[in-house]
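# Per-entry structural report
If you want the building blocks of each chain, they are given just below.
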Amino acid sequence: MLTKKQWEHCLDEMDKMFPDAHCELVHDNPFELTIATLLSAQCTDVLVNKVTKDLFKKYKTPEDYLAVSLEELQQDIRSIGLYRNKAKNIQLLCEKLINEFDGQIPQTREELVTLPGVGRKTANVVLSVAFNIPALAVDTHVERVSKRLGLCRLKDTVLEVEETIMKKTPKEKWSKTHHQLIFFGRYHCKAQNPQCSTCPLLDDCREGQKRLKKGLVKS
């Protein structure tokens, strides 16, 4: 497992690599971010942005999403995986926003996760990005990188990964760390063919050293 000093070094290096890491889901307000994040489950941000470019022109408020049939909304997001279920959740979410939250996205995790289609990861993204509230969402990139580095155990659950990273990272860095881990995983430590041989974290990385030793990557 990484020591605190090793993890601090990793954070410093990722900060050098991706100083401008940010949420890549295009949005103008908390409501749009919530919809975009819901749509991004098991889907790339690139595809979501392609769909929301037109979607957010057509639908501006929760009422707008409820003014059309479920079938029409499904057609509008058809190119996104699980579009039927996501369309259903969007309309249920909008209904709940109107009935219980005066049409506004709530600003606590406890309230956010009561919204249909919104799990802990989505709630953390909305808190962090939309409201600047310290939170650390764990997606596939964050989980993969933290386990490869040896910060977390391979058997750890997503919640355990989140708790470990938060415990070992200063609270004021949670949001930045979330984005930098995503960028690191998306553009450098990829699921397939990670760039271990040129990685500035190699000296601290359990997985990278193992890959080099087995000759899976060139030294």
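Think of each chain on its own: its residues are numbered from 1, step by step along the sequence as written. Reporting in this predicted model follows two pLDDT cut-offs: at least 70 for local features of residues, and 80 or more for side-chain atom pairs to be given and counted; totals over whole chains, interfaces and linings ignore these cut-offs and use all residues. Heavy atoms from the whole structure form the basis of all side-chain values; hydrogens and water molecules are not counted.

For the chain, an unreviewed UniProt entry supplies the name Endonuclease III and the organism Ureibacillus massiliensis 4400831 = CIP 108448 = CCUG 49529.

### Observations concerning the UniProt feature "domain: HhH-GPD" (unreviewed entry) in the chain
UniProt positions are given in the numbering used here, feature names are shortened, and annotations may be inferred rather than shown by experiment. Under the present numbering, the feature "domain: HhH-GPD" (unreviewed entry) in UniProt falls on residues 39-187. Along residues 39-187 one finds 64% helix and 0% strand; the C-alpha atoms at either end are 21 Å apart. Put simply, DSSP H or I for four residues or longer makes a helix, DSSP E for two residues or longer makes a strand, and each gets a number counted from the N terminus.

### What about the packing of helix H2 (residues 30-39) against helix H6 (residues 83-100)?
Running from N to C, H2 and H6 cross one another at 150°; their axes reach a closest spacing of 10 Å. As summarised for this structure, H2 and H6 are arranged roughly antiparallel, according to the angle between their axes. For the element pair H2 and H6, the recorded crossing hand is right-handed. Contacts between H2 and H6 involve Phe31, Thr34, Ile35, Leu38 and Leu39 on the former and, on the latter, Lys86, Asn89, Ile90, Leu93, Cys94 and Leu97. Axis definition: a line fit to C-alpha positions, over the contact stretch in the case of helices; interaxial angles, taken between N-to-C directions, run 0 to 180 degrees. Just so you know how the angles are binned, under 35 degrees is roughly parallel, over 145 roughly antiparallel, 65 to 115 roughly perpendicular, and the rest oblique. Handedness of a crossing is defined here by the sense of rotation of the near helix relative to the far one, left-handed for an anticlockwise turn of less than a right angle and right-handed for a clockwise turn. Contacts are assigned to residue pairs that have any heavy atoms within 4.5 Å of one another.

### Comments concerning the UniProt feature "binding site: [4Fe-4S] cluster" (unreviewed entry) in the chain
The UniProt record annotates "binding site: [4Fe-4S] cluster" (unreviewed entry) at Cys189, Cys196, Cys199 and Cys205. Sequence-wise these annotated residues cover 17 residues; spatially they are packed, their C-alpha atoms never more than 11.0 Å apart. Mapped onto the secondary structure, cysteine 196 falls in the loop between helix H11 (174-187) and helix H12 (206-213). Relative to the helices and strands, cysteine 205 resides in the loop between H11 and H12. Those residues in contact with cysteine 205, other than ones at most four positions away along the chain, are Arg148 and Leu149.

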